[in-house]
Amino acid sequence: MSDTQPGRSLTLSREALDAVGTRLEEHRRAIERALDRFVAADDEPSRQVLEAMRHSLFAGGKRLRPILVLAGAEVAGMAAEAVLSAACAVELIHTYSLIHDDLPSMDNSPTRRGRPTCHVLYGEAIALLAGDALHAYAFELLARNAAPEVPADRVVRAIAELARGIGPHGMVGGQALDLFASGEPLAAADVHEIHRLKTGSFIQACVRIGGLLGGAAAGDLDALSRYGKHVGLAFQIVDDILDVVGEETKLGKGTGSDAAQAKITFPSVFGLAPSRRLAQEATAQAILALEPLGDRGRWLRDLSMYLLSRDR
Ligand code: GRG
């Protein structure tokens, strides 16, 4: 994808892209190990619910949201290890949202990430409970953040941040608007609003949770908020574009599902080429937001460019 502002490149060199990929892989491994500890295979009164939770949790997700928690904390100078349980908490929330989104009463999806969805394997009741259990356990994990360098008042703010990002003023609100909007003619502002709530507010909360737990100064937190808002929008637009032009084997799901369900997406409302431009603009805005952070914003900047060029 090309630049949107003179002198400001949105394209990483091949070496820089590889370096981001390597770093993401390291983070992903650390998160997978922690998740495997936190949601252990033998640690639940209901074997079925636990199996269903683990089926969806260990299905090859990109772990973007936990990585953003770690990145937000890094900006504030906090080590990844100290916020690892919070990072895992947001992945539990993400997994709950996908399980519920796939249910027959919502998107009715038979596959996700190339595997049968939770309700297809375990039935609807267990899938609902697995989502509920992940949701509850996420808040338990966040509240139990045990690192001594993270004071309790920061944990309380992070809990409020997560609840806000995924509740009626965030992900759930956006999901409801999206469900009721399918097939309806919408104004451009409505499309932005649906996606800001459904995807953006949770992604923004993840970056802010890292910053809050790390004790970021007000100005830094403001930069992280603006970055999270724009990168969340760019992420959703690229997701919509990939549903039109992506490769099914890489995505682990069929493409064209949004169009088949008359979903409100950026390409369906604005067209493919304008959607690409919107994703570039949102990424440029995300990078601009990092300017006050100087070198401390470098990893988040590279990450936003990597996400713009992703193919899965
Ligand atoms: C059910 C309350 C409730 C909310 C559902 C997450 C969601 C809201 C709907 C899923 C459909 C969708 C495409 C949402 C946009 C967010 C998004 C791009 C989700 C996929 O996130 P990735 O790409 O997934 O990070 P992986 O598989 O990598 O974990």
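In what follows, the accompanying structure is described. (Residues numbered from 1 in each chain as written. Predicted model: local features only at pLDDT ≥ 70, side-chain atom pairs only at ≥ 80, totals over all residues. Heavy atoms only, no water.)

1. Side note on the packing of helix α6 (residues 124-143) against helix α7 (residues 152-166)
Okay, so step 1: Viewed as axis vectors pointing N to C, α6 and α7 meet at an angle of 155 degrees, and their least axial separation amounts to 9 Å. Comparing their axes, α7 and α6 come out roughly antiparallel. Between α6 and α7 the crossing geometry is right-handed. Residue-level contacts link His135, Phe139, Leu142 and Ala143 of α6 to Val155, Ala158, Ile159, Leu162, Ala163 and Ile166 of α7. (Axes fitted to C-alpha atoms, helices over the stretch in contact; angles between N-to-C directions. Helix = DSSP H or I, 4+ residues; strand = E, 2+ residues; numbered from the N terminus. Parallel < 35°, antiparallel > 145°, perpendicular 65-115°, else oblique. Left-handed = near helix turned anticlockwise from the far one by under 90°. Contact = heavy atoms within 4.5 Å.)

2. Some points on the nonpolar core
Okay, so step 1: Leu68, Leu92, Ile93, Leu162, Tyr227 and Leu303 are the most contacted members of the largest nonpolar core, which has 90 residues in total.
Okay, so step 2: Beyond its immediate chain neighbours, meaning those up to four positions away, leucine 303 contacts Val20, Leu24, Ile67, Leu68 and Tyr227. (Core = buried A, V, L, I, M, F, W, Y, C linked by side-chain atoms within 4.5 Å. Buried < 20%, exposed > 50% of the residue type's maximum accessible area, 1.4 Å probe, protein only.)

3. Side note on unusual backbone geometry
Okay, so step 1: The phi torsion at arginine 63 lies on the positive side, around 65 degrees, for a residue other than glycine.
Okay, so step 2: Notably, asparagine 108 is not glycine yet its phi reads approximately 50 degrees, a positive angle.
Okay, so step 3: Within the fold, asparagine 108 resides in the loop between α4 (84-102) and β1 (111-112).

4. Observations regarding α4
Okay, so step 1: In this model α4 runs 27 Å from its N-terminal to its C-terminal C-alpha over 19 residues, within 8% of the 27 Å that 1.5 Å per residue would give.
Okay, so step 2: Most of α4 sits inside the fold, with 19 of its 19 residues counted as buried. (Expected span 1.5 Å × (residues − 1).)

5. Some details on the pattern of salt bridges
Okay, so step 1: For the structure shown, the criterion picks out 18 salt bridges.
Okay, so step 2: Glutamate 25 is the salt-bridge partner of arginine 28, the closest N and O atoms lying 3.0 Å from each other. With a gap of 3 residues between them, arginine 28 and glutamate 25 both fall in helix α1 (residues 14-38), about one helical turn apart.
Okay, so step 3: Here glutamate 51 and arginine 47 are joined by a salt bridge, their closest N and O atoms 2.6 Å apart. Of this pair, glutamate 51 and arginine 47 both sit in helix α2 (residues 47-57), 4 residues apart, which is roughly one turn of the helix.
Okay, so step 4: The class for arginine 47 is exposed, based on a relative accessible area of 58%.
Okay, so step 5: One network of salt bridges, with partners in common, ties together Glu25, Arg28 and Arg29. (Salt bridge = Lys/Arg side-chain N within 4 Å of Asp/Glu carboxyl O.)

6. Concerning the site of the ligand
Okay, so step 1: Around the ligand sit 18 residues, and of these Lys62, Arg65, His94, Arg113 and Gln236 come closest.
Okay, so step 2: At 2.5 Å from an oxygen atom of the ligand is found a side-chain nitrogen or oxygen belonging to lysine 62.
Okay, so step 3: One nitrogen or oxygen atom from the side chain of arginine 65 is found 2.7 Å from an oxygen atom belonging to the ligand.
Okay, so step 4: Notes on the ligand: free accessible area 700 Å², of which the protein chains cover 91%.
Okay, so step 5: When contributions to the shell around the ligand are tallied by element, the ones reaching two or more residues are α4, α8 (171-181), α9 (188-214) and α10 (218-245).
Okay, so step 6: A total of 6 residues in the shell around the ligand trace back to one element, the largest contributor, which is α4.
Okay, so step 7: Looking at side-chain class alone, the shell around the ligand contains 5 nonpolar, 7 polar and 6 charged residues. (Near = heavy atom within 4 Å. Polar contact = N/O pair within 3.5 Å; in protein donor to acceptor, adjacent residues only side chain to side chain. Areas by Shrake-Rupley, 256 points an atom, 1.4 Å probe, with all protein chains shown as cover. Nonpolar A, V, L, I, M, F, W, Y, C, P; charged D, E, K, R; others polar.)

7. Section: the environment of alanine 217
Okay, so step 1: As for its placement among the helices and strands, alanine 217 is situated in the loop between α9 and α10.
Okay, so step 2: Take alanine 217: its relative accessible area is 47%, and that puts it in the partly exposed class.
Okay, so step 3: Sequence separation of alanine 217 and alanine 76 is 141 residues, and the distance between their C-alpha atoms is 7.7 Å.

8. Concerning a nonpolar patch on the surface
Okay, so step 1: Taken together, the side chains of Met106, Leu179 and Phe180 present a nonpolar region at the surface, about 300 Å² in accessible area.
Okay, so step 2: By secondary structure assignment, the location of phenylalanine 180 is in helix α8.
Okay, so step 3: Looking at phenylalanine 180, the relative accessible area reads 69%, which means it is exposed. (Patch = residues over 30% accessible without salt bridge, like charges linked within 9 Å, V, L, I, M, F, W, Y side chains within 5 Å.)

9. Quick look at α6
Each α-helix turn comprises 3.6 residues. Residues three or four places apart therefore point the same way.
Okay, so step 1: Taking 1.5 Å per residue, 20 residues should reach 28 Å; α6 reaches 29 Å between its end C-alpha atoms and fits that length.
Okay, so step 2: Of the positions making up α6, those classed as buried are Ile126, Ala127, Ala130, Gly131, Leu134, Tyr137, Ala138, Phe139, Leu141 and Leu142.
Okay, so step 3: Considering only its buried residues, α6 is in contact with α1, α2, α4, α5 (118-122) and α7.

10. Concerning the packing of aromatic side chains
Okay, so step 1: Tallied over the full model, the rule gives 1 aromatic pair.
Okay, so step 2: Judged by centre distance (5.6 Å) and plane angle (20 degrees), the rings of phenylalanine 266 and phenylalanine 270 are stacked. Residue phenylalanine 266 and its partner phenylalanine 270 are located together in helix α13 (residues 266-270), separated by 4 residues, close to a single helical turn.
Okay, so step 3: Geometry around tryptophan 299 places arginine 23 over its ring, the cationic atom sitting 4.2 Å from the centre.
Okay, so step 4: Against the face of phenylalanine 38 rests arginine 37, its NZ or CZ located 5.6 Å from the ring centre. (Phe/Tyr/Trp six-rings, centres within 6.5 Å; stacked < 30°, edge-to-face > 60°. Lys NZ or Arg CZ within 6 Å of the ring centre and 35° of its normal.)

11. What to know about the environment of histidine 192
Okay, so step 1: With respect to the helices and strands, the residue histidine 192 is situated in helix α9.
Okay, so step 2: Histidine 192 gets classed as partly exposed once you look at its relative accessible area, which sits at 28%.
Okay, so step 3: Sequence spacing of histidine 192 and phenylalanine 266 is 74 residues, and the spatial spacing of their C-alpha atoms is 8.5 Å.
Okay, so step 4: With sequence-adjacent residues up to four places away left out, histidine 192 is seen in contact with Leu233, Phe266 and Phe270.

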